[in-house]
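Fold and geometry: a report
Each chain, written out:
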Amino acid sequence: MKTTQHRSIVLRALPAGILAASAMMSAYTPTAAGNDSAAYAFGGLLAGHLLTDMRFRQQQQAQEQKQQTEALTSMAYGGGGGATRSPVAPHAPAAYSMTPEQKLNQLDKLAAGGYITPAEYKARRQAILDSM
Amino acid sequence: MLRSYLLSIPLTIAMTGLLSSTAVAALDKGYITGKWVINSQGQCDAKNAEHLIVHGDGSFEYSRRGKADAVGFWRIENDVVVLDMMTSPASFQDIHAELQEFAEYQIYSMRAMPVDRQPDQFSAVASIGDQMQQFSLKRCQ
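A tally of regular secondary structure across chain B gives two helices and eight strands. Ordered by position in the sequence, the α and β elements of chain B form the string α-α-β-β-β-β-β-β-β-β. Here the contacts in chain B between residues at least 6 apart in sequence split such that 29% fall between residues at least 24 apart.

Below, the structure written as structure tokens:
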């Protein structure tokens, strides 16, 4: 009997608990959600998530590009060593036939993703500009 | 200290009882279909109103200022409304300017738990990714 009463109280308290949690969570914005998001409840929630998701995708893309660049560099300059060392791949020079604009864009993405330090960024950028 | 704790128990029970007594409408297709206005103090024709239009065929659209910003399909799973939708992040650039760079359409899934269901209005606790929000919906006549 007591157990049933307790269960009933718990079930009744559930909506209140959810409301209280949501009231607390409504103040929780993990992304840099601006005040505008408050104007639209559903849209603000969706936009906040889209922003987080897009930033994540950007970082992922930058990471993939960095890995690709490292792999190409390794292939071109022989990072593997020994018998497993691959000859220069036919498409490896493509990384070096990029236009300065493409190189700068890629560098910007690497910097935005936090894969290179500001000093490295500055040095690389200057090197690209000097090569023009 | 103890007295205030003891007093809080019946108060909490009374509040939760009040809340649960108003939750009468069953969550089903018949209930959820229709045009709902989100917040906006229940004003369906408010200038910046957000609308959720839920169709009986399992599709829905979310619109702001009369323009559809997301479309998709809905279903009910264990008293939770699941909204699988397609949208372009750029549609929300007025909320976050950074989103204007992302025009491609993407698929997202939002889950909303309706609480305090009444015939023509309810509150919902919605979550998508790590974001959570509570809002109220009122049926447009």
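All names here are of chain A. At a closest axis distance of 9 Å, the pairing of helix 2 (residues 41-77) and helix 3 (residues 100-112) adopts a crossing angle of 120°. Taken as axis vectors, helix 2 and helix 3 run oblique relative to one another. For the pair helix 2 and helix 3, the sense of crossing is left-handed. Contacts from Gln58, Ala62, Gln65 and Lys66 in helix 2 reach Gln106, Lys109, Leu110 and Ala112 in helix 3. Considering only residue class, the contact of helix 2 with helix 3 consists of three nonpolar, three polar and two charged.

For helix 3 of chain A, with 13 residues, the first-to-last C-alpha span of 18 Å sits near the 18 Å given by 1.5 Å per residue. Positive backbone phi, approximately 75°, marks Gly114 of chain A, located one or two places after helix 3 of chain A.

So, on to the nonpolar core. Soluble, globular proteins show a tendency: their nonpolar side chains are buried together. Judged by nonpolar contacts, the single largest core of 35 residues is most densely connected at Phe42 and Leu46 of chain A together with Ile38, Leu52 and Leu137 of chain B. The element best represented in this core is helix 2 of chain A, accounting for seven residues.

All names here are of chain B. Turning to its location among the elements, Pro119 is positioned in the loop between strand 6 (106-118) and strand 7 (121-128). A residue is classified by how many C-beta atoms lie within 10 Å of it, and Pro119, with 9 of them, is exposed. Note: C-alpha distance between Pro119 and Ala25 (94 residues apart in sequence) is 5.6 Å.

About the thresholds
- Residues numbered from 1 in each chain as written.
- Chains lettered and ligands numbered in written order.
- Predicted model: local features only at pLDDT ≥ 70, side-chain atom pairs only at ≥ 80, totals over all residues.
- Helix = DSSP H or I, 4+ residues; strand = E, 2+ residues; numbered from the N terminus.
- Contact = placed C-beta atoms within 7 Å.
- Axes fitted to C-alpha atoms, helices over the stretch in contact; angles between N-to-C directions.
- Parallel < 35°, antiparallel > 145°, perpendicular 65-115°, else oblique.
- Left-handed = near helix turned anticlockwise from the far one by under 90°.
- Nonpolar A, V, L, I, M, F, W, Y, C, P; charged D, E, K, R; others polar.
- Expected span 1.5 Å × (residues − 1).
- Core = buried A, V, L, I, M, F, W, Y, C linked by C-beta atoms within 7 Å.
- Buried ≥ 20, exposed ≤ 12 C-beta atoms within 10 Å, placed from the backbone.

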